[in-house]
Amino acid sequence: MASSEDLGQFEEFARAGSPRLFRTALLLCGDWHLAEDLVQTALGKAYASWHRVRRADNPEAYVRTMLMRSFISHTRLRRSTERPVSAVPEGTAMDSDAALRVTLLAALAELPVRERAVVILRYWEDRSVAETARELGLSQGSVRNRSARGLSRLRKLIGGEHASYSPH
């Protein structure tokens, strides 16, 4: 990074885009701390190559792609599946929307990594097939295929009264 103007532009970008990046990261991994780490990694990479990022047609999509790729790389690490806990949490009474949300997040965590990324971008982030394909480096046909498979798996995993739930 060369000038204070560049630094100012990056700081403004990071301040405005961090909440959306964090939400996407949290949906992907389901772990607050890992989501923070993924956002920091993506922003660090964006800072290091800000001259290239700021010239992109959509800098936010460029950095979101960095985030997605960081997450996919993280899941390849053997330790990424470890979830130590000291005690099993007790269940609590929840209303149906909260229960559905918890069930949906648990089901999302069961999807294969790329399917999860496609489903989150397409239906949670409301991205088009073309945008999702571009961000994940997949063909549009692959995005459609993974979307259909992912939604089908989610319906099976959710089961019960929520099995017919459709995001649109």
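Residues numbered from 1 in each chain as written. Predicted model: local features only at pLDDT ≥ 70, side-chain atom pairs only at ≥ 80, totals over all residues. Heavy atoms only, no water.

(A) How the structure looks around unusual backbone geometry. The backbone of Asp126 shows a phi angle near 55 degrees, a positive value even though the residue is not glycine. The exposure class assigned to Asp126 is exposed, which follows from its relative accessible area of 55%. (Buried < 20%, exposed > 50% of the residue type's maximum accessible area, 1.4 Å probe, protein only.)

(B) Spatial organisation of the pattern of salt bridges. The final tally for this structure, using the stated rule, is nine salt bridges. Salt-bridge contacts for Asp6 lead to Arg54; the nearest nitrogen and oxygen are separated by 2.2 Å. Here Asp6 is found in helix H1 (residues 4-29), whereas its partner Arg54 is found in the loop between helix H3 (50-53) and helix H4 (59-76), with 48 residues between them in sequence. Take Asp6: its relative accessible area is 12%, and that puts it in the buried class. In this structure, Arg23 engages Glu125 in a salt bridge whose closest nitrogen and oxygen atoms are separated by 3.1 Å. A residue pair is termed long-range when its members are at least 10 positions apart, and Arg23 in helix H1 and Glu125 in the loop between helix H6 (113-124) and helix H7 (129-136) qualify at 102 residues. Residue classification places Glu125 among the buried positions, given a relative accessible area of 8%. Connected via shared salt-bridge partners are Arg20, Arg23, Glu60, Arg64, Glu125, Arg127 and Glu135. (Salt bridge = Lys/Arg side-chain N within 4 Å of Asp/Glu carboxyl O. Helix = DSSP H or I, 4+ residues; strand = E, 2+ residues; numbered from the N terminus.)

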